[in-house]
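# Reading the structure
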Amino acid sequence: MRRERVLIVEDDARLAEVLARELGRGYDTVVVGTGREALVRAETEAFALVLLDLNLPDMDGIVVAEQLEGNDADVVMLTARGDLASRVRGLYAGAADYLSKPFQMEELLARVYARMRSRARARTGVVERGALTLATEERWCAFEGARIDLSAQEFHLLELMLENQGRVFSKDTLVDRLYGAADVGPNAVEAVVSRVRKKLDAAGAGTVVETIRGLGYLVRPEVA
Amino acid sequence: MSLRALVGLGVALLALLVVASSSGLAYGWFVREQSAELRRLLLEDVARVSALLDAPVLGAAFVDPATPGFAVQIVGADGGIVLAWGRDELLPLVTQATQVHLSGRRHLIASAPWRGAGGTIRVAHDIEAAMRTRADLARSLGWGGALAFLASTLVALVVARWSLRPLELVAERARAVDPEAPQTIPYAGRSHEVRALTDALNATLTAIRERSRRERTFLLEIAHELAAPLTLVHYHLTALRRERPADAELRSAADAAQELLHTSQDLLVLARGELERPLDLALVDLRDLLERVVGEYPGVRCDAAGPAPVIGDADRLMQVVRNLVRNGVQAAGRPEGVQVTLVAGADEQLLRVEDDGPGLDAEALVRVFERGFRRGRGSGVGLTISKDLVEQHGGRIAAASGAGGGARFEVRLPSLASRVAADDLGGEA
């Protein structure tokens with residue numbers, strides 16, 4: 001089987017070497033030391049994941065991260081600057097991961113593996129939770145084989161929450177992800193959640209999307 | 001004393017002074033003019049009577065019958081009344097116009113010689129009405145003054161309150177300034193003094209903010225410089241230790257590197273202000289975190305019932321658990337002296353870390369979570385951060401003396417169940 005490729009963007013040569021050695025056990029790695037090189041490589045070659053240090057000698061790592069947004073590769077960001085990390089997280093909200101430096105290698109590897117696993121899952125075009133199936137490519141939803149009709153917004157919400165089971169989504173985050181720049185309030189999200197719940201409940205799936213008081217919504221991973 | 005009361009009092013005193021002096025002047029002027037007029041009228045009458053006696057005019061009367069309270073007496077040389085109008089009792093002889101009481105009413109009397117007979121002419125004017133007018137005036141001035149005084153005091157208080165309101169507003173906003181990130185105080189009013197005060201305050205706040213921004217930037221630079229070497233040292237020592245598990249010196253170095261890494265993570269959290277960063281919330285099983293941390297400190301005794309699900313930021317909760325366990329191991333001097341217990345409850349999850357170290361004295365129990373308070377070998381920030389993080393998660397942390405004489409730390413976090421809203425299907429279920 002062809003090995004996945006990882007692009008390591010790190011200007012500290014010693015750290016880059018260690019990262020390449022560790023990730024090299026499971027993936028093909030490419031190391032670059034500048035943002036410009038990173039963008040050129042990411043543009044011309046296919047990577048599954050970009051490990052991006054936000055503190056680069058030639059350009060702001062945030063800018064690199066922004067330009068990588070349309071890229072197929074997942075992004076895991078490394079930074080010693082927490083303020084940058086929070087900005088980036090606002091930018092991606094679930095589409096990327098980050099880790100603060102200094103870190104333990106096991107932590108980093110765990111993040112990378114988790115990203116790779118969810119990537120592999122996404123490639124099948126199907127996300128599941130128990131008997132609930134969401135075909136993200138073919139755009140259909142079914143519970144125990146019976147189709148459930150969902151609007152585009154409802155599908156998007158369920159896709160996001162099923163792909164990130166266990167994660168709490170605040171209403172603000174959901175407004176961002178579902179409506180982007182459109183000027184809608186949290187009420188719109190509440191309405192979508194309410195409709196999804198009714199449809200899932202009617203199909204017999206029970207309570208899938210739970211309300212976490214004051215914080216947002218959660219889809220619990222189904223315990224095996 | 002408040003500035004408002006001071007201004008009010010000042011204006012009131014000033015008003016009192018103005019009202020009293022102007023009333024006094026007006027009253028004095030009135031009394032003087034009135035007295036002079038009364039005296040003039042009396043002396044005119046005396047002169048008229050005197051002239052009539054000296055050279056009588058046909059048809060002229062000594063007394064105008066329409067004038068009430070007017071009395072004239074012509075007294076002979078022997079002191080007997082020759083002629084009297086208006087009054088029969090002998091009027092006293094005076095050398096100049098004099099005020100006297102006659103039958104209970106005030107009169108002004110005057111005398112003049114009766115040149116023809118060696119007697120006297122005596123004239124009296126009833127001035128009771130005029131005196132009443134004078135008293136009325138005094139009363140009116142008194143009441144008017146009092147009213148003016150009250151009104152001006154009231155106006156002064158209202159104006160003082162109104163004009164000092166911007167000051168209170170600025171004080172209110174100054175109180176609301178967050179010392180961690182001081183924002184300037186807005187003031188759009190027109191008061192020059194308040195604007196000057198606000199500008200001065202804002203200049204100070206801006207300087208403080210700028211300074212703390214520079215300090216933070218500096219700390220971030222240091223953080224960045226230290227991050228890669230620390231990661232590498234920890235990585236290499238841990239790898240070497242795995243290769244040579246029997247090497248005691250290597251184990252000591254690897255432990256120290258681990259220590260350094262975690263302490264620096266704590267310090268960086270403080271330096272970067274990550275505590276103000278929003279938490280990355282997810283469903284977290286405290287038992288998983290606990291097992292991972294206990295794995296980092298072989299020898300620590302662990303009694304974890306579970307699962308113990310909470311809503312939280314896994315990285316941050318991990319930091320809390322790690323800090324508590326590390327703190328216990330440091331206090332006990334060995335991992336075997338630490339007992340960790342996790343009790344999963346319906347409403348909250350209880351994590352207890354007990355050590356058999358020297359324990360906490362009364363002062364330490366109170367101050368153990370304060371920044372910079374040191375206990376044993378600890379950096380002093382771990383527990384501070386843990387407290388902040390636990391509270392950010394809606395939980396509580398407490399320190400107590402353990403049963404065995406050591407210290408006991410208890411963290412209570414709201415359980416997942418307590419956070420799930422019951423009306424999930426909006427009444428449709």
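Reading the values: the criteria
- Residues numbered from 1 in each chain as written.
- Chains lettered and ligands numbered in written order.
- Predicted model: local features only at pLDDT ≥ 70, side-chain atom pairs only at ≥ 80, totals over all residues.
- Heavy atoms only, no water.
- Contact = heavy atoms within 4.5 Å.
- Buried area = accessible area lost by both parts, 1.4 Å probe.
- Salt bridge = Lys/Arg side-chain N within 4 Å of Asp/Glu carboxyl O.
- Polar contact = N/O pair within 3.5 Å; in protein donor to acceptor, adjacent residues only side chain to side chain.
- Helix = DSSP H or I, 4+ residues; strand = E, 2+ residues; numbered from the N terminus.
- 1 Å grid on protein atoms, 1.4 Å probe; cavity = no way out; pocket = protein on both sides within 12 Å on 5 of 7 lines; lining within 4 Å.
- Points joined across faces, edges and corners; volume = space filled by probe spheres on them.
- Nonpolar A, V, L, I, M, F, W, Y, C, P; charged D, E, K, R; others polar.
- Buried < 20%, exposed > 50% of the residue type's maximum accessible area, 1.4 Å probe, protein only.
- Pairing = 2+ DSSP bridges.

### Some remarks on the interface of chain B and chain A
Between chain B and chain A, the contact holds 40 residues from the first and 40 residues from the second. Taken together, the two surfaces of chain B and chain A that pack against each other cover about 3600 Å², and 56% of this comes from carbon and sulfur. Where chain B packs against chain A, one counts 2 salt bridges. For Arg292(B), the salt bridge identified is with Glu107(A), shortest N-O distance 3.0 Å. At the junction of chain B with chain A, the criterion picks out 12 residue pairs in polar contact (both at pLDDT 80 or more). If you list the elements that add at least two residues to the side of chain B that touches chain A, you get α3 (192-243), α4 (248-272), β6 (282-285), α5 (286-296), α6 (314-332) and α9 (416-419) of chain B. Here the side of chain B that touches chain A takes 11 residues from α3(B), the largest share from any one element.

### Some thoughts on the side chain of Thr384(B)
Residue position: Thr384(B) is located in helix α8 (residues 382-392). Apart from the residues within four sequence positions on either side, Thr384(B) is in contact with Phe369(B), Glu370(B) and Arg371(B).

### Looking at the layout of surface pockets
Residue and element names in this part refer to chain B. Empty space within the second largest pocket amounts to approximately 810 Å³. Residue lining of the second largest pocket: 28 residues in total, with Arg-241, Asp-255, Gln-258, Glu-296 and Tyr-297 positioned closest to the centre. Here the lining of the second largest pocket gets 6 residues from one element, more than from any other, and that element is α4.

### Topic: empty space enclosed by the protein
Residues and elements named next belong to chain B. Taken as a whole, this structure holds 2 cavities of 30 Å³ or more when the rule is applied. At the level of secondary structure, the elements contributing two or more residues to the lining of the largest cavity comprise α6, β10 (348-355) and β12 (407-414). No other element matches α6, which puts 3 residues into the lining of the largest cavity. For the lining of the largest cavity, a count of residues per class yields 8 nonpolar, 1 polar and no charged. Approximately 30 Å³ is the volume found for the second largest cavity. Along the walls of the second largest cavity sit His-262, Gln-265, Asp-266, Gln-319, Arg-322, Asn-323 and Arg-326, which together make up its complete lining. Mapped by element, the contributors of at least two residues to the lining of the second largest cavity are α4 and α6. Residue classes in the lining of the second largest cavity are distributed as no nonpolar, 4 polar and 3 charged.

### Things to note about the pairing of strand β5 (residues 119-126) of chain B
All names here are of chain B. With 7 of its 8 residues buried, β5 lies for the most part within the structure. Where strand β4 (residues 105-114) lies against β5, 8 bridges are found, and the strand directions are antiparallel. Across the sheet, the residue bridging to Leu-108 is His-125, located in β5. Where β4 folds back on β5, the antiparallel hairpin that results is connected by 4 residues, among which Gly-118 adopts a positive phi of roughly 75°.

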